[in-house]
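# What the coordinates show
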Amino acid sequence: MASASLGQRVVQPVVRLIVSLALTFFGLLLVTFIIGRVMPIDPALAALGDRAPADVVDRFREEMGLNLPLWQQFIVYVTKVFEGDFGRSVLSSRPVLEDIARVFPATLELATVATLLGVALGVPMGVLAAVHQGRWPDHVIRVVGLFGYSVPVFWLGLVGLLVFYAKLDWVPGPGRINIAYQDFVDPITGVMVIDAMLQGEWEAAGSAARHLILPSSILAYFSLAYISRMTRSFMIEQLKQEYITTARVKGASEARVVWRHALGNVAVPLTTVVTLSYANLLEGSVLTETVFAWPGLGRYITDSLLNADMNAVLGGTIVVGLVFVSLNLLADVLYRTLDPRAR
Amino acid sequence: MSFDLLSVENLRVRFHLDKGTVEAVRGISFRMGREKLGIVGESGSGKSMTGRAILRLVQKPGSVTADAIRFNGRSGSRDLLTASPAEMQAIRGGQISMVMQDPKFSLNPVMTVGKQIAEAYRIHRKVGRTEARERAIAMLKAVRIRDPEAVFNRYPHEVSGGMGQRIMIAMMLIPDPDLLIADEPTSALDVTVQTQVLAIIDDLVTERGMGLILISHDLNLVASFCDRVLVMYGGRIVEECRAKDLHAATHPYTRGLLAALPTIDAPPGDLQVLTRDPAWMHA
Amino acid sequence: MTLISRAWLLAETPQSRRQAALGQAYLGWLAFQRNPIGMAGLAIILALIVVSALSPILMPFDPIAADTANRLRPPSGTHWFGTDELGRDILSRLIAGAPITLMIVVLVAVLVAPVGLAIGCIAGYYGGWIDRVLMRITDVFMAFPRLILALALVAVLKPGLENAILAIAVTGWPPYARMARAETLTIRQSDYIAAMRQLGASDARIILFHVVPMCLSSLIVRVTLDMAGVILTAAGLGFLGLGAQPPLPEWGAMISTGRRFLLDQWWVGTFPGLAICIVSLGFNLLGDGLREVLDPKQR
C-alpha cells in the first residue's frame, strides 16, 4: 500500500522505454541506409550529372566515402546523422537539415489545427455512438467515421477545392497565404499565422488563417474518424463495467454516468490515441500538402522523391521517423503520469 | 412486523437472445418489511437479477415485467415499474441502494474514494463540497475506517478488499436509504474480514431501521444473519420460511442443500449428490 | 446424411465436431446478418468481385484506345461518367480498373498475412531473445509512417504496379505480427497447450494446429479492415505517379490525371475517387461487421 518511490514507478520504465526507442531509431537508420544504398541511381552521378568526367566522379566517390566497405559507410552515416548532417539537397543545394527546419513548421501548423478539430468533434461523436450502441446514431456516426477510413485524402482535397474554392468561393485556393502578403511576413516561428500577428500584419494573418481552413479540415476529418472510433470502442468497454452500475445505483444521472464516470476512465487511453493520431497526420500530410501546394515536410519529401534527391528523401524520412518515435514516448509518459493506477 | 416496505408481484426477467428467449426470473412474488430478508440459491437461480430488477437496472437484451413492484419508503408509496426515469434516479441511492460483490470492480478506479462517497451524498442533498466532504468522512468513520481523512484521498486500487467493501457500504448508505440490497457482499473477501463487513452492515441497518435484502449462495450465512429466507431455484421461489425454521424446510431442493452441508460433529461420510427435478422450474 | 436444418444447427448438444462447428458458424451468420453495416460491406465486396470477373463483358467502350475526337466530354447518355483527355470512356476505365484493385488487395493479403502471422506466433510462442529480436524489427517498421516508407521503397525499386504492391507488402506485415504475438501470448499460457506438450506434440505441431487457428478470427478481421488501407496507399502511390503506369486504368492514377482538369472537367477525377471510396468503404464495413461477430470482446 505504501506508494513506491517515483523512481521505481515512473523513471525506471521510462528509461527502459528510451533505450528501446533508441534501438528502434538505430534500426530506422539502418533501413534508410539500406534504401539509400540499393538505390539504382548512383549518388555520384546524381550529384554531378550524367556527363561529369570520370576522374571527377572518382574523386567525388572518394570524398563521399562511397568506396569504403558498406559497414564503414554505415558508421559514417550514423555519425553524420547524429551531428545533424543529412548531406546537401540536390534540388535546393542547401543542407537538408536547413531545408527541413524551414518546411517543418508548416506541417506542424496544419497537423496541430487538424488534431484540435479532430478531438473537439471526434470525442463527443464516439461517446454518442457508444451510448446509442446498435441504434441509428451509432450507425450514422460509425459510417461517417468509416468513410474517413475509406476516402483517399488527396481526392477529398481535390473535391474540397472544387466545391469550396472553385464553385462556392468560401475559401482561398492552394498555398499558405495570398501571394500579395507573402513578402510582409518574415519567418520567426515558421507558423505563418503567428508570425504575421507578431509583426502586426493583421490582414496577412487573416489570409494565412483562411488558407488553413480547408486543408486542416480535411486532415481533421481523418483524425476525427480515428478518434471517434477509438472513443466509441473504449466507451463501450467501460460502460459494461461494474462501477458504472454502482454510479447508477447511487442515483447519478445518465449524463453524469457517461461523461464523468465512463469518460473519466477513457481519458487516459484517449491521450495515447490523440498522440498517435497526431503522428498519423504527418503521413496524411504527404498527400494533402501535395494537393494544396502547402510548403511542408510532406511535400518536401514527395518533391525530392520525384526528382531523385535521395539525401532529402532520407533526411525527411528520418525526421518523420524520429517524430513518430518521440510521440510514442510522449504517449507513454503521459499515460504513466495521468493514470492513478500507473502512478 | 408489517410487510409493507416492498411488495413484488409476479416478477419476470427475460433475456432475448439469438438462441431464443431465456427466462432468468419466472414470476416470483414476495413482500417484506423493515427486516433482514435473505435470498439464497445457486448461480443462475435468478437471485441477483431479482435485486437488479427492483432497481430497474437490467440492461438491454433483458426485459422486466411484473404485476407490481410496490415500494413504500419514507417519501410515500410508488410502483417502481411505472416510475419515470427521473423518479427512479431519486429512488436509486436515495431510497434503495445496492452493495455489489467485488469492490475491485464496483468502485470507479480513477476517482478517489472520498469523491465517490461525497458524490453519492450530493446527488441526493443540495449541499456544498465542504459539507459533503465532512459527511463522507463521518460516514467512513461509521464503517469503522481508521484515519478516514487519509483514506478519503486514496484511489480504489490503494485500499484492500475489506476496506473497499466498507467504502462501498459507506457510499450506499450516506444518502440514508430505506432499503439496502446486498448482492453477495462478502463473497469476494477474505474469510477473516467477511464477518467484520457483515457486522458493519448489520449494525448500520438495525441502527437506521432499514430493510435489507441479502443475496447469497451461502445457506449458513443467510440462516444465521437474516430474519426470513427465500430459496430460489431456476428463477422461482421454491421455499419461503423464517430463518430459524430453515432446518425444517420441506422442499426437496432445500432439503438437498441442507444435506450437502458438512458438519463438524458428524462423521465425514459420502456427501449426498444434489438431485434436481426439472419439474421444480414449472411447478 | 444428416439433413442440415435450423434445429440441427442450433442443437444444444451437437453430436459431432462438424455439427458443432457448423452450428457456431450459423450463429455467427445470424449475428452478422442482423448487422446492416456488415451486410452492406459484404454486398459491395461481392459486387467488386462480380464486376472484376465480368469486366470484359461489362465495359461499354475500349478502356485503352484513344478517341481524340471525343476528348473531355461531360457525362451523357452514351458516356455516363464522361470521357478523359484522350477521349476514353471513364466508366469503361473504372470497370477495367476493378480487377487491378482486386489483384492489389489479394496479392497484398496473400503476401502479408502469412508472414505477419508466422513472425507473431513464433515470437509469442518461444518468447525470450527470439521474441525480443523479432519484435524489435517489427517496431522499426512500425516507426515509419507506412506511406512514407512505401514511397521511399518504390522510388528505389522503380515506379510500377508490381513494385507498389511489393512496397505495400513490405510495410504492411508488422501490425499482423503484433496482433498474432499478443494472441499467442494469451494462448501459450492455457492448459490445453500444456496438455499438448505433455502428450509430446512438437512445437511446430502445436503452433500450426493449436495456436494459429486461435489467431485466425482476429486475422480475418484485421485483413479485411487493412485492405481498405491497402487500396488507399496503392491509390496514393498511383496519384503520385509511383504506382501503376499509363495506360493502365488504375483508379489513383486516373485521379492524378483528373487533377489537371479539376476546375473545368470535374468528372475526370471525381468518379475514380468515388470508386476508391466505395470499395474501401466496403472492406471497412465488412471488417467492422465481422469484428462484432468474431471478436467477443466487442460484443
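Nothing here was measured: the structure is a model prediction, and the numbers come from that model.

Looking now at the overall build of chain B. Scanning chain B from N- to C-terminus turns up 11 helices and 11 strands. In summary, chain B has a C-alpha radius of gyration of 19 Å against a globular reference of 19 Å for 283 residues, a match within 12%. In terms of its C-alpha atoms, chain B occupies a principal-axis envelope of roughly 60 × 50 × 45 Å. Counting over 283 residues, chain B shows a buried share of 42%. By sequence separation, contacts in chain B at least 24 residues apart represent 66% of the contacts at least 6 residues apart.

This part covers the overall build of chain C. Tallying secondary structure elements over chain C gives 13 helices and zero strands in all. Going residue by residue from the N terminus, the α and β elements of chain C occur as α-α-α-α-α-α-α-α-α-α-α-α-α. Principal-axis analysis of the C-alpha atoms places the extent of chain C at approximately 75 × 50 × 30 Å. Evaluated residue by residue, chain C yields a buried proportion of 45% over its 299 residues.

Next up on the list: helix α12 (residues 297-306) of chain A. In an α-helix, one turn spans 3.6 residues, which is why side chains three or four residues apart end up on the same side. Judged by how many residues are buried, α12(A) sits mostly within the fold: eight of 10 residues are covered. Restricting attention to buried positions, one finds in α12(A) the residues Leu297(A), Gly298(A), Arg299(A), Tyr300(A), Ile301(A), Thr302(A), Ser304(A) and Leu305(A).

This part covers the interface of chain A and chain C. If you look at the interface, chain A gives 38 residues, while chain C gives 41 residues. Secondary structure elements with two or more residues in the side of chain A that touches chain C: α1 (6-38), α6 (136-150), α7 (153-167), α11 (254-291), α12 and α13 (310-338) of chain A. Taken together, the residues that form the side of chain A that touches chain C break down as 28 nonpolar, eight polar and two charged.

Bringing the interface of chain A and chain B into the picture now. Every contact between the two is made by 17 residues of chain A and, on the other side, 25 residues of chain B. In terms of residue count, helix α10 (residues 242-249) of chain A provides more of the side of chain A that touches chain B than any other element does, six residues in total. Of the residues assigned to the side of chain A that touches chain B, the class counts are five nonpolar, eight polar and four charged.

This next bit is on the confidence of the model for chain C. Across chain C, the average pLDDT comes to 86, with 97% of residues at 70 or higher. Our summary of model confidence lists the complex with pTM equal to 0.84 and ipTM equal to 0.90.

Looking now at the nonpolar core. One finds Ile117(B), Ala170(B), Leu180(B) and Ile231(C) to be the most contacted residues of the largest nonpolar core, which totals 256 residues. A total of 19 residues in this core trace back to one element, the largest contributor, which is helix α9 (residues 202-239) of chain A. Among residues more than four places away in sequence, those in contact with Leu180(B) are Ser97(B), Val99(B), Met172(B), Leu173(B), Val205(B), Met210(B) and Leu212(B).

Turning our eyes to something else, we now look at the packing of helix α5 (residues 90-126) of chain C against helix α6 (residues 128-142) of chain C. All names here are of chain C. One way to put it is that α5 packs onto α6 with a least axis distance of 7 Å and a crossing angle of 145°. In the packing of α5 onto α6, the handedness of the crossing is left-handed. Residues Ile119, Ile122, Ala123, Gly124 and Tyr126 of α5 touch α6, and the partners they reach there are Gly128, Ile130, Asp131, Leu134 and Met135. Its residues assigned to classes, the contact of α5 with α6 comprises seven nonpolar, two polar and one charged.

Before going further, it helps to examine the sheet that holds strand β8 (residues 179-183) of chain B. Residues and elements named next belong to chain B. On the basis of which strands lie adjacent, the open sheet formed by six strands has the order β7-β8-β9-β3-β10-β11 and mixed pairing. The sheet terminates laterally at β7 (96-99) and β11 (236-242), the two strands that pair on one side only. For this sheet the average axis-to-axis angle between neighbouring strands, irrespective of direction, equals 20°. The pairing of strand β3 (residues 36-40) with strand β10 (residues 228-233) spans four bridges and is parallel. If you follow Leu37 over to β10, its bridge partner there is Arg228.

Quick look at the pairing of strand β1 (residues 6-17) of chain B now. Residue and element names in this part refer to chain B. Pairing between β1 and strand β2 (residues 20-32): 10 bridges, direction antiparallel. Looking at the pairing, Phe15 lines up with Val22 of β2. Once β1 ends, the chain turns through two residues before running back antiparallel as β2. Both β1 and strand β5 (residues 68-73) contribute to a ladder of four bridges, which runs antiparallel. What sits directly across from Glu9, in β5, is Ala68. Sheet topology note: the β1/strand β4 (residues 62-65) ladder contains four bridges and is antiparallel. Pairing of Arg14 across the sheet is with Ser63, part of β4.

What follows covers helix α5 (residues 129-142) of chain B. Residues and elements named next belong to chain B. The end-to-end C-alpha distance of α5 is 20 Å, a good match for the 20 Å that 14 residues give at a rise of 1.5 Å each. On its buried side, α5 packs onto α4 (113-124), α6 (148-152) and α7 (161-173). One or two steps after α5, the chain reaches Arg144, where phi turns positive at roughly 60°.

Residue and element names in this part refer to chain B. Bridging between β5 and strand β6 (residues 76-79) involves four bridges; their strand directions are antiparallel. Residue pairing across strands places Gly73 opposite Gly76, the latter belonging to β6. A loop of two residues connects β5 with β6, the two strands running antiparallel in sequence.

Here we take up the packing of α7(A) against α9(A). Residues and elements named next belong to chain A. The geometry of α7 relative to α9 is characterised by a closest axis approach of 10 Å and an angle of 140° between their N-to-C directions. The pairing of α7 with α9 is recorded here as oblique in orientation. Seen from above, α7 lies across α9 with right-handed handedness. Here α7 contributes Val153, Leu156, Gly157, Gly160 and Phe164 to the contact with α9, which in turn contributes Leu214, Pro215, Ile218 and Phe222. Tallied by class, residues from the contact of α7 with α9 come to seven nonpolar, two polar and no charged.

The next point concerns unusual backbone geometry. With glycine set apart, most residues show a phi of negative sign, and most peptide bonds adopt trans. The residue after Pro246(C), namely Pro247(C), is reached through a cis peptide bond having omega 5°. With a phi angle near 55°, Asp147(B) is a residue other than glycine that sits in the positive phi range. In this fold, Asp147(B) is placed in the loop between α5 and α6.

Residue and element names in this part refer to chain C. Of note, Leu237 is situated in helix α11 (residues 203-239). Residue Leu237 is classed as buried on the basis of its C-beta count, with 28 C-beta atoms lying within 10 Å. The sequence separation of Leu237 and Gly252 amounts to 15 residues, and the corresponding C-alpha distance is 7.4 Å. Beyond its immediate sequence surroundings of up to four residues, Leu237 is in contact with Ala150, Val154, Ala164, Leu242, Gly243 and Gly252.

How each quantity is defined
- Residues numbered from 1 in each chain as written.
- Chains lettered and ligands numbered in written order.
- Predicted model: local features only at pLDDT ≥ 70, side-chain atom pairs only at ≥ 80, totals over all residues.
- Helix = DSSP H or I, 4+ residues; strand = E, 2+ residues; numbered from the N terminus.
- Rg over C-alpha atoms; globule rule 2.2 N^0.38 Å.
- Buried ≥ 20, exposed ≤ 12 C-beta atoms within 10 Å, placed from the backbone.
- Contact = placed C-beta atoms within 7 Å.
- Nonpolar A, V, L, I, M, F, W, Y, C, P; charged D, E, K, R; others polar.
- pLDDT = per-residue confidence, 0-100.
- Core = buried A, V, L, I, M, F, W, Y, C linked by C-beta atoms within 7 Å.
- Axes fitted to C-alpha atoms, helices over the stretch in contact; angles between N-to-C directions.
- Left-handed = near helix turned anticlockwise from the far one by under 90°.
- Pairing = 2+ DSSP bridges.
- Expected span 1.5 Å × (residues − 1).
- Parallel < 35°, antiparallel > 145°, perpendicular 65-115°, else oblique.

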